[in-house]
Amino acid sequence: MEKQPSVLTSLLLVKSRLFEVTLNRTLLTWKEVQLRRKKVSGNISSRLRFGFCLANALHRTRGITAGVHSVPVSEIIAVRETEVDKETKDEGKWQKMSHITTETNLCAFTVSYVEKTGQHRWRCSNMTFFCSDETICQQWVRKLKEQLSLLTCRPKHLLVYINPYGGKQQGKQIYEHKVAQLFTLASISTDVIVTEHANHARDHLKTQADLRKYDGIICVGGDGMFSEVVHGLIARTQSDSGVDLNDSQAKLAQCNLRIGIIPAGSTDCICYATVGVNDPVTSALHIIVGDTQPMDVCSVHNHNTFLKYSVSLLGYGFYGDVLTDSERNRWMGPARYDFSGFKTFLSHHYYEGTISFLPATNTLGSPRDSSRCRSGCYVCQHRVKDISPIKWGGGDVNENESEGEWKVIKGKFLAINAASMSCACPRSPKGLSPAAHLADGTTDIILVRKCSRLNFLRHLLRHTSKDDQFDLTFVEVYRVKKFKFTPNHCDSEFSNIRDVRENAFGQICRDHPSCDCTPVNSNWNCDGEILEHAAIEVGVHCQLIKLFARGIEENPPFEEDVSSFAV
Ligand SMILES: CCCCCCCCCCCCC/C=C/[C@@H](O)[C@H](COP(=O)(O)O)NC(=O)CCCCC
Ligand SMILES: Nc1ncnc2c1ncn2[C@@H]1O[C@H](COP(=O)(O)OP(=O)(O)O)[C@@H](O)[C@H]1O
Ligand SMILES: [Ca+2]
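Just so we're clear, the structure is a prediction, and the values are computed from it rather than from any experiment.

## Some points on the overall build of the chain
The helix and strand inventory of the chain stands at 14 helices and 25 strands. Taking all 567 residues of the chain together, 57% fall into the buried category. Looking at the chain alone, contacts between residues at least 24 apart form 77% of all its contacts between residues at least 6 apart. Here the chain displays about 25400 Å² of accessible surface, and carbon together with sulfur accounts for 49% of that area.

## Regarding the site of ligand 2
The environment of ligand 2 is made up of 21 residues, and the closest members are Gly167, Thr195, Gly222, Glu228 and Ser266. Between glycine 167 and ligand 2, the recorded distance is 2.7 Å, taken from a backbone N or O atom to an oxygen atom. One of the side-chain nitrogen or oxygen atoms of arginine 330 is found 3.0 Å away from an oxygen atom of ligand 2. The element that contributes the greatest number of residues to the shell around ligand 2 is helix α8 (residues 223-241), accounting for 4 residues. Partitioned by chemical class, the residues of the shell around ligand 2 number 4 nonpolar, 11 polar and 6 charged.

## Overview of the pairing of strand β25 (residues 536-547)
Counting buried residues in β25 gives 11 out of 12 residues, a clear majority hidden from the surface. Two strands pair when backbone bridges link them, and strand β11 (residues 258-263) and β25 are joined in this way by 2 bridges, in the parallel orientation. By the bridge assignment, isoleucine 259 is partnered in β25 with leucine 547. Bridge count for strand β12 (residues 293-302) against β25 is 8 bridges, and the pairing is antiparallel. What sits directly across from serine 299, in β25, is glycine 539. Inspection of the sheet shows strand β20 (residues 475-487) paired to β25 by 4 bridges, in the antiparallel sense. Bridge pairing in β25 links lysine 484 to glutamate 537.

## Quick look at the coordination of the calcium ion (ligand 3)
Looking at the calcium ion (ligand 3), one finds its protein donor set to be Asp296 (OD), Ser420 (O), His437 (O), Asp440 (OD) and Thr442 (O), positioned 2.3 to 2.7 Å from the metal centre. As a motif over one chain, the donors of the calcium ion (ligand 3) read D-x123-S-x16-H-x2-D-x1-T. There is no split in this pair, since histidine 437 and threonine 442 are both buried.

## Observations regarding the site of ligand 1
Residues in close proximity to ligand 1 total 19 residues, the closest being Gly224, Thr267, Tyr337, Asn525 and Asp527. Between ligand 1 and aspartate 223 there is a distance of 3.3 Å, counted from an oxygen atom to a backbone nitrogen or oxygen. Contacts to ligand 1 include threonine 267, whose backbone N or O atom sits 2.8 Å from an oxygen atom. Burial of ligand 1 by the surrounding chains reaches 88%, relative to a free accessible area of 770 Å². If you list the elements that add at least two residues to the shell around ligand 1, you get α8, α12 (335-347) and α14 (453-461). Here the residues of the shell around ligand 1 are counted per class, giving 8 nonpolar, 7 polar and 4 charged.

## Some details on the side chain of serine 522
Relative to the helices and strands, serine 522 resides in the loop between β22 (508-509) and β23 (524-526). By relative accessible area, which is 3% here, serine 522 ends up buried. Reaching out from serine 522, the side chain makes a polar contact with the backbone nitrogen of glycine 317 at a distance of 3.0 Å.

## Concerning the nonpolar core
A general feature of soluble globular proteins is that nonpolar side chains tend to end up buried together. Formed by 68 residues in total, the largest nonpolar core has its most connected members in Tyr161, Phe226, Ile270, Met295 and Ile545. With 6 residues, α8 is the single largest residue contributor to this core. Phenylalanine 226 has contacts with Cys219, Ile259, Ile261, Ile270, Met295, Val311, Ile545 and Leu547, leaving out every residue within four places of it along the chain. Val33, Cys107, Phe109 and Phe130 belong to the second largest nonpolar core, which has 33 residues in total.

## Examining the packing of α12 against α14
The N-to-C vectors of α12 and α14 enclose an angle of 145 degrees; their axes lie 10 Å apart at closest approach. For the pair α12 and α14, the contacting residues are Phe345, Leu346 and Ser347 in the first and Arg453, Phe456, Leu457 and Leu460 in the second. When grouped by side-chain class, the residues that make up the contact of α12 with α14 number 5 nonpolar, 1 polar and 1 charged.

So, how was this worked out
- Residues numbered from 1 in each chain as written.
- Chains lettered and ligands numbered in written order.
- Predicted model: local features only at pLDDT ≥ 70, side-chain atom pairs only at ≥ 80, totals over all residues.
- Heavy atoms only, no water.
- Helix = DSSP H or I, 4+ residues; strand = E, 2+ residues; numbered from the N terminus.
- Buried < 20%, exposed > 50% of the residue type's maximum accessible area, 1.4 Å probe, protein only.
- Contact = heavy atoms within 4.5 Å.
- Areas by Shrake-Rupley, 256 points an atom, 1.4 Å probe, with all protein chains shown as cover.
- Near = heavy atom within 4 Å.
- Polar contact = N/O pair within 3.5 Å; in protein donor to acceptor, adjacent residues only side chain to side chain.
- Nonpolar A, V, L, I, M, F, W, Y, C, P; charged D, E, K, R; others polar.
- Pairing = 2+ DSSP bridges.
- Donors = N, O, S within 2.8 Å, 3.2 Å for Na, K, Ca; no water.
- Core = buried A, V, L, I, M, F, W, Y, C linked by side-chain atoms within 4.5 Å.
- Axes fitted to C-alpha atoms, helices over the stretch in contact; angles between N-to-C directions.

Fair warning: the whole summary comes from geometry, so function is off the table for now.
Written out as structure tokens, the structure reads:
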């Protein structure tokens, strides 16, 4: 077989202009060639002939180059030969092309590639290159396809779960109209399951799906749908590795299949915090190019019973109450959170309990850093290599040689939040803990102690501005590896919430069913799911799962002045 050169260069036409097009191992570049000699006019045929006659002369710099475009090979989606007739019919100015084509054997190929349109949004663009003859055209298509086939990180076969009821109930339409054709263009085959009930995706993954067939799992929906897929995949991986989920000290086996999120939910915080935007086309393109972003997962146990995993927010008090209330108003769609957020703010409930935690000592970052977790994050790459088996402190300060010292805080709290990532979302573009990291093996505990409504409002409002939400006397933040929460009133006293009534704000009053007084315990909001216990033990499992994402690139639009740890 004829050996192809490692760098391919040709003079090709794009629209009616002449370009020097080069493909090396990493880049496809096209530079417009502006000839100093007389203006090249006439129809396309004569321009091309003229261009090719000048090919040698160009190498002797008789031409100058302007308008350089380049695309990394890793961001090329597809390449295909293009029918010149069809292409040119679309271009009004080249109406007579079919005649010329027969004369000159003009043919063309089209490259589809990622175009970054700002604010982290990606689009699929097409560029058609016209060649003077078929051999050159075929050589280009062959070479480009060969380069793409070397990109082994790209998925070829995907399992897709669509939640038709997430967010504004547009999951199916979003997938069919915005994503499916991109997967087809990139030669990705799919098995699509539209879920029929809650936990359909989780249970299918856990027990039925033949995971050997797939290079990744895609969920179309919100954070709750992502959580289902995470639970299914982790459970399956642990059962394949013989790990007991109820053992809170067990080291979990890493999940190798990547998960992609096509955002179609209400908060879309995981997509937003890993890609920088909740846009279905952008996410589809990250999946196609085969990006990888590792992510921490918190395991949540009640004594030695497994409850849930969390990748974004574990929130007790304010965020727990918002979620509990919002579940009754699902019909409102994403607006339910604004409505319940307002009600919960007015109710101003505080909760008593004890939080014990193991501070993260061996990590490079801190929750008060001005730097952010970005693509290629230095902190995540230099994480503590391995999480030691989880050993729970006995309640009071527990000294453990290998782990360090547990810290214990008892008090009255409006909110106790554990953010394993920034939790940036459209409601709060910097998130609950702006300096949290996606894959550093830690979670940030944010304690908001009992304070006035006005002060709490100041704290909440700072999530939407550049002001520091932690710089308030009643707010504390700690970066931890493990934590444990014990409410002042034990769970079992209040475990059957069906026995209780609601007050005027729809809040559950558990100890005095007919009054408006403060409920003694809140619920944990675990990535949008309500936990059935208030007493929990949490451990962070560093980089347990992987996403089709690359972290947020460059400075985000809301914090242009912030320096980054990215290298
Ligand atoms: C007065 C202005 C107040 C602004 C405060 C804004 C702070 C918002 C931070 C939101 C963090 C969200 C973390 C993610 C939580 C999701 O897992 C969860 C479920 O999402 P989904 O499956 O898409 O429904 N979403 C929530 O719990 C919503 C919290 C909204 C609180 C207002
Ligand atoms: N077919 C279905 N019918 C009802 N609920 C479903 C279905 N598929 C998934 N779910 C559940 O819907 C919940 C919310 O889904 P999600 O996609 O996160 O939307 P949202 O962001 O609006 O909450 C998830 O907890 C998931 O378990
Ligand atoms: Ca983390």
